Amino acid sequence: MKAMGHTTRSAMRRSGCGGGSAAAWRRLRRRRRSLLAALLTSAAAAVFIAFSRPFGTSIGFADPYAVPSSRRTADLSPSRPPPSREASHATAFVSRPNSAATVVLSPLVAPSPSPNGDVDDTDSDYSSPDLKAAPLWTEVAANSTDTNVPPLFVEPLPSALGNYDATQVQSVSPELKMLPLQPLVTVPLTLTDQQLIYAKGEIDRAPFVYDDPELYAPLFRNVSVFKRSYELMESILKVYIYKDGPRPIFNRPELKGIYASEGWFMKLIRENKNFVVKDPNKAHLFYLPYSAHRLEQALYVLNSHNIQPLMIFLRNYVNEISVKYPFWNRTRGADHFLVACHDWGPYTTKWHHELRQNTIKALCNADVSEGVFIRGKDVSLPETSIRNPRRLLRDIGGKPASQRTILAFFAGQMHGRVRPILLQYWSGRDENIKIYGPLPKGVAKKMSYAEHMKSSKFCICPMGYEVNSPRIVEAIYYECVPVVIADNFVLPFEEVLDWHAFSVVIAEKDIANLKDILLRIPQSEYVTMQMNVKKLQKHFFWHAKPVKYDIFHMILHSIWFNRLNQIPADQ
């Protein structure tokens, strides 16, 4: 106490308060009380912010299937318009269950993890830890089991930290040495995030559609949901296209052949003024404009059976844009998408974990058994064979149902596991079932490949090397009911289309029962299915200038729809 008194008196003398007057003591006590009140006020404010922030509007994007969803208090009722550009930014508070309310604030530049978490990655020493992304304010929970903090919905950024071991986290930031691996991260809720939440709510409350002249309801799982989602896509969706990347792999569409879907989409999206924006801050989606087929042409060494150069190239490209721009790191690629029709499209993504797991991949090779295509997030891209880019709709149509005399038809190369079995059971076994390898010249002189499809009730569409086949779209063009034989294949636009209404799907093990399965379909049901195929055609047509509900818009809609699907229903 004597020491304290001496120190206080010394301070008073230095401040000019004198040595012992009562007035000077009172002034000093008042100053100390004011300082204490200020400190208490600041502490109370910090506690208030820490506890109140979780109950605001929140959004996050990464792995939406692994983390519990959250509660949301923002009012996004149907009567409210979509958030405007002038709207102020809210805050996204992202948490894991049972996280603490006590926080430590530390600036963190989140790294883009190397693909060493992927068992297929044999070159795991490549990483980009020295990113130039905008710093994030990371709130890291101290040890606590407070269950009152709501688990707000998904982790846009902590997913990477959660996958690192302790030494990796320590190498990211010295401040994190003693901190747990389940941080709370605060990221800004942007206007585009608010618009996505609004669109999700509007789709959930879609008004009933009962007689739309442009949409044939039996083709859809829920025509009301599709119509409302499509309307919102037209009015809200904005896409930014990266300009980075060498040609011809990037930004040079290929418009002819069986991989033309990726090229036509690239061409038409680049020309579109309604969806594409030059300012990436206004974008809801980011397009990686490369061609998987041109990637194969540029980098694959013939007969090498080695696609690692393609995988490394694509991995390096994504790491480059994640360093150059802040947009990838904000969501770990969850708002980015690619469109690839080459068979190798899925495999070339394997060496970048975020590209493989988070990015929306529109793939012709939509095989769920490979562990790359993720149902509900990725999109099954229709494989369309374009012979003449200047005549996209040539030779469309076929005979009416009553004049189709062939029960089932297939002709094609004998590759893959399914086609040889199909040929073994049905080649030359039945006059009503025409199953060939390559169509014999003698047969082709009497009736061409296209005429066979136009004269058949059912067109067999077996998988080749991969699950996809251009015959599905060809059958639709020729008004022939497609019969799909490809286990693990996700059918195009399955998010919105009801394939039972216009196609038959047969398991590979049931090929021997092909005729019995087809004959069990009543004639009246077949006529309805064939009519539905005709109604379906408009959704699979390419146009040099896109028209409403055509294949370009259907692809873009499925990407938009699956992006919204990453937002939990209660948001």
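Everything below is about the structure printed above this text.
Counting starts from 1 at the beginning of each chain's written sequence and moves along it residue by residue. It should be noted that, the model being predicted, local features are given only for residues of pLDDT at least 70 and side-chain atom pairs only at 80 or more, the latter also being counted only at that level, while totals for whole chains, interfaces and linings use all residues. Values reported for side chains reflect all heavy atoms of the structure, with hydrogen atoms and water molecules removed beforehand.

**Considerations on the overall build of the protein**
The condition that has to hold: Helix and strand assignments follow DSSP, with helices taken as H or I runs no shorter than four residues and strands as E runs no shorter than two, numbered in order from the N terminus. Accessible area is worked out with a 1.4 Å probe on protein chains only. A residue is then buried under 20% of its type maximum, exposed over 50%, and partly exposed in between. Two residues form a contact once any of their heavy atoms are found within 4.5 Å.
Within the protein, the regular secondary structure consists of 18 helices and 14 strands. Within the span of the protein, comprising 571 residues, buried residues form 53% of the whole. By sequence separation, contacts in the protein at least 24 residues apart represent 76% of the contacts at least 6 residues apart.

**Some points on the packing of aromatic side chains**
Here a ring pair, both rings aromatic, is described through the centre-centre distance and the interplanar angle of the planes. Heads up, the rule is: Two aromatic rings, drawn from Phe, Tyr or Trp (for Trp, its six-membered ring), form a pair once their centres lie within 6.5 Å of each other, and the interplanar angle then sorts them: stacked below 30 degrees, edge-to-face above 60, tilted otherwise. The criterion is that NZ of a Lys, or CZ of an Arg, lies within 6 Å of the ring centre and within 35 degrees of the ring normal, and then a charge sits over that ring.
As enumerated under the stated definition, the model contains 27 aromatic pairs in all. When the centroid spacing of 5.8 Å and the interplanar angle of 50 degrees are considered together, the rings of Phe226 and Tyr230 count as tilted. Taken as a pair, Phe226 and Tyr230 lie in helix 6 (residues 223–236) at a separation of four residues, close to a single helical turn. Among the residues examined, Tyr230 registers a relative accessible area of 0% and is labelled buried. With a centroid separation of 5.9 Å and 40 degrees between ring planes, the pair formed by Phe226 and Tyr549 is classed as tilted. Linking Phe226 in helix 6 with Tyr549 in the loop between helix 17 (523–536) and helix 18 (551–565), this pair joins segments that are 323 residues apart in sequence. Tyr549 matches Phe226 in its accessibility class, with the two residues each being buried. One aromatic cluster is present, built from ring pairs that chain together Tyr240, Tyr242, Phe286, Tyr325 and Phe327. Here Lys535 stacks its cationic end above the ring of Tyr216, 5.1 Å away from the centre of that ring.

**Some details on the sheet that holds strand 9 (residues 379–380)**
Sheet strands line up and pair through hydrogen bonds in the backbone, either parallel or antiparallel. The line we're drawing: When DSSP finds two or more bridges between a pair of strands, those strands are recorded as paired.
One open sheet holds the five strands; their spatial order is 5-6-7-8-9, and the pairing between them is parallel. Every other strand in the sheet has two partners, leaving strand 5 (239–241) and strand 9 as the edge strands with one partner each. When strand 7 (residues 336–340) meets strand 8 (residues 360–363), the two strands line up parallel, connected through four bridges. Counterpart to Val339 in the pairing with strand 8 is Ala362.

**Concerning the sheet that holds strand 10 (residues 406–410)**
Note the threshold: A fitted line through C-alpha atoms serves as each axis, taken over the contacting stretch for helices, and the angle formed by two N-to-C directions is quoted from 0 to 180°.
Strands sit in the order 11-10-12-13-14 across an open sheet of five strands; the sheet is parallel. Two strands close off the open sheet at either side, each with one partner strand: strand 11 (433–435) and strand 14 (504–505). Contacts between helix 12 (residues 419–426) and the sheet are confined to strand 10, strand 11, strand 12 (456–462) and strand 13 (481–485), with strand 11 contributing the most and set at about 135 degrees to the helix. Set on the sheet, helix 17 makes contact with strand 12, strand 13 and strand 14; between it and strand 13 the angle comes to about 95 degrees.

**Observations regarding the nonpolar core**
Cut-off, in case you're wondering: Take the buried residues of types Ala, Val, Leu, Ile, Met, Phe, Trp, Tyr and Cys, join any two whose side-chain atoms come within 4.5 Å, and each joined set is a nonpolar core.
Counting 123 residues, the largest nonpolar core has Phe265, Tyr290, Phe458, Leu497, Trp542 and Ile559 as its most contacted members. Residue contributions to this core peak at eight residues, all from helix 18. Each residue touching Phe458, except ones within four places of it in the same chain, is listed here: Leu407, Ala408, Phe409, Cys480, Val481, Val483, Val504, Leu518, Ile521 and Tyr526. Within the second largest apolar cluster, 11 residues are counted, among which are Ile406, Phe409, Met453 and Cys480.

**Regarding the side chain of Asn329**
In plain terms, the rule: For the purposes of these results, a polar contact is taken to be a pair of N or O atoms within 3.5 Å, where, inside protein, one atom must be able to donate a hydrogen and its partner to accept one; residues adjacent in sequence count only when each atom of the pair is a side-chain atom.
Considering the arrangement of structural elements, one finds Asn329 in helix 10 (residues 327–331). In this structure Asn329 comes out as buried when scored by relative accessible area, which is 4%. At 2.8 Å, the side chain of Asn329 forms a polar contact with the backbone oxygen of Ser322.

**Some points on the pattern of salt bridges**
The condition that has to hold: Put simply, a salt bridge is a Lys or Arg side-chain nitrogen that is within 4 Å of an Asp or Glu carboxyl oxygen.
Counted according to the given criterion, the structure contains 18 salt bridges. Asp378 is paired through a salt bridge with Lys361; the nearest N and O atoms lie 3.0 Å apart. Of the two residues, Asp378 sits in the loop between strand 8 and strand 9 while Lys361 sits in strand 8, which places them 17 residues apart along the sequence. The exposure classification of Asp378 matches that of Lys361, with both residues buried.

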